[in-house]
Amino acid sequence: MMTLDDFKAARAVLAGVIRPTPLVYSAALSRTTGNEVYLKPENMQATGAYKIRGAYFKISTLTDEEKERGLITASAGNHAQGVAYAAQAAGVPATVVMPTTTPLVKVNNTKDYGANVVLHGAAFDDAAALAMELAETKGLTYIPPFNDLTVATGQGTIAYEIFSDLPDVDVILVPIGGGGLASGISTLAKLLNPNVKVIGVEPVGAACMKASLEAGRVVSLDKVETIADGVAVKTPGDLVFPYIQQNLDDIITIDDRELVDAFLDMMEKHKMVVENAGLLSVAALHHLDFQGKNVVSVLSGGNMDVITISSLVQHGLISRGRVFTFSVQLPDRPGELLHIAKVVAEHSGNIIKLQHNQFVNLNRQSGVELRVTLEAFGHAHKREILDAMAEAGYQVQENQPKAAFFS
């Protein structure tokens, strides 16, 4: 069982190991949601995610014989770094099996902590199967990423810090993958204050815990499809599942598109890089059916590679109407491009990219195509510019910008 004494022991072990991540009040999210919103920035943790808590505590409980055999785990990235960090501190070798889709930054960071990395499978469950097979055949000690009560106890120490910073917290929003974080936080939160609500958050494309709760037992999804790689789990942990059943008050599911907006909010309003799994608890703020409560969103991690960051920024700007593309047919004569630029400038549009195709028609006298990608202030401003082009006599067609519009 996960008891209060267990959580106290974990807190003692982790003291001086983990980095303090004090709550950050979000005036912007409070204003838009009607609640008092605080962020628990575990993206600022020592390894860039909360996973170091459970991994370090678990390894601290192993016998010398278990450590000497060497450690192995499977991870979508953040648990890998936690295990590698703790193994390095303990002076024992560690092997980590990660899905081939794991972001490069997580792979490289894990290697930097001295672990041997094996890439295998398209999803976490594939990597976990190989890791458990290697543990058996090579006699290694397996460190579960979430389906382990000791690991979950370490993760749950986050609740101590939340209550320390905000004693009158009403609601805690927690991302869910396999259930280790949610079971740990919800169990300790209820021990500290049974009236606190803990709500789990999953992506629509990997909602294995929601499906399991509805079935009343652990079930497996046929596939997972989400940009939140850190929670792309087909099957939740059966050992932590009873704690989820008992202590979790609700589950909210989030579409991937909402994570893009949440990423932009974190970048622009809080200057934070939060990975997609960690953004689940931010996106969930807009799904709450109450107001006036003290709400804490746990930002579970921030290990995101630069290419993914670039993609999210660009798609986010497109979805908010702050970047758009239009095409127009122009006569092939000098000065036409200048006319277009003048209309855009008069309405404060900022041109990012121009593509002038003289060969769109076999007969160039029939017209050439100009494709313009520009920056606007939002959908209303975009509409203003397009209307101005029409009033100037141009037949413009809005196009979907290419993802790499900065290239």
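Preceding this section is the structure that the text describes.
Just so you know, these numbers come straight off a predicted model, no measurement behind them. (Residues numbered from 1 in each chain as written. Predicted model: local features only at pLDDT ≥ 70, side-chain atom pairs only at ≥ 80, totals over all residues. Heavy atoms only, no water.)

Enquirer: Explain the overall build of the protein chain here, please?
Expert: Within the protein chain, the secondary structure is distributed over 17 helices and 14 strands. Out of the 407 residues in the protein chain, the part that is buried amounts to 54%. Sequence separation of at least 24 residues holds for 73% of the intrachain contacts in the protein chain that already meet a minimum separation of 6. Across the protein chain, 33 positive and 44 negative side-chain charges occur, with their mean positions spaced 3 Å apart. (Helix = DSSP H or I, 4+ residues; strand = E, 2+ residues; numbered from the N terminus. Buried < 20%, exposed > 50% of the residue type's maximum accessible area, 1.4 Å probe, protein only. Contact = heavy atoms within 4.5 Å. Lys, Arg positive; Asp, Glu negative; His and termini not counted. Charge placed at Lys NZ, Arg CZ, Asp CG, Glu CD.)

Enquirer: Honestly, the pattern of salt bridges in this entry has me stumped. Any pointers?
Expert: Any two side chains of opposite charge can pair, on the condition that their charged atoms come close. Per the counting criterion, the structure on display carries 17 salt bridges. Across the pair E275 and K106 runs a salt bridge whose closest N-O atoms are separated by 2.8 Å. In this pair, E275 is assigned in the loop between helix 13 (256-270) and helix 14 (276-283) and K106 in helix 6 (residues 104-112), connecting sequence segments 169 residues apart. You can call K106 buried: its relative accessible area is 1%. Residue D255 is joined to R257 by a salt bridge in which the shortest nitrogen-to-oxygen separation is 3.0 Å. Relative accessible area serves as the criterion here: at 27%, D255 is assigned to the partly exposed category. Exposure remark for R257: the relative accessible area of 66% places this residue in the exposed category. Among the charged side chains, a network of salt bridges with common partners joins K40, E42, R53 and E161. (Salt bridge = Lys/Arg side-chain N within 4 Å of Asp/Glu carboxyl O.)

Enquirer: Looking at this structure, I do not really get the packing of helix 3 (residues 52-60) against helix 5 (residues 78-90). What am I missing?
Expert: In a pair of packed helices, the angle between the axes and the distance between the axes together describe the arrangement. Two numbers describe how helix 3 lies on helix 5: the axes approach to 8 Å, and their chain directions differ by 40 degrees. Crossing angle aside, the handedness with which helix 3 passes helix 5 is right-handed. Together, I52, A55, Y56 and I59 of helix 3 and H79, G82, V83, Y85, A86, A87, A89 and A90 of helix 5 make up the contact between the two elements. Per-class residue counts for the contact of helix 3 with helix 5 are 10 nonpolar, two polar and no charged. (Axes fitted to C-alpha atoms, helices over the stretch in contact; angles between N-to-C directions. Left-handed = near helix turned anticlockwise from the far one by under 90°. Nonpolar A, V, L, I, M, F, W, Y, C, P; charged D, E, K, R; others polar.)

Enquirer: How do you make sense of helix 1 (residues 4-14) when you look at a structure like this?
Expert: Residues lying three or four places apart along an α-helix face the same way, a consequence of the helix completing one turn every 3.6 residues. Among the residues of helix 1, F7, A10 and L14 are the ones counted as buried. Down the axis, helix 1 shows its buried residues gathered within 60 degrees of arc, on one side only. Exposed side chains of helix 1 directed beyond 90 degrees from the buried face belong to D5 and A12. A positive backbone phi angle near 85 degrees is found at G16, which sits one or two residues after helix 1. (Arc of directions from axis to C-beta.)

Enquirer: Could you clarify how one ought to interpret the nonpolar core in this entry?
Expert: Most often, soluble globular proteins have nonpolar side chains that are buried together. Membership of the largest hydrophobic core comes to 32 residues, with the highest contact counts inside it found for I162, V169, I172, V174 and I185. Those elements that provide at least two residues to this core are helix 9 (158-165), strand 7 (171-175), helix 10 (180-192), helix 12 (241-247) and strand 10 (294-299). Not counting residues within four places of it along the chain, the set of residues in contact with V169 comprises I162, F163, V196, N294 and V296. Formed by 31 residues, the second largest nonpolar core is a distinct cluster that contains L39, V171, V282 and M304. (Core = buried A, V, L, I, M, F, W, Y, C linked by side-chain atoms within 4.5 Å.)

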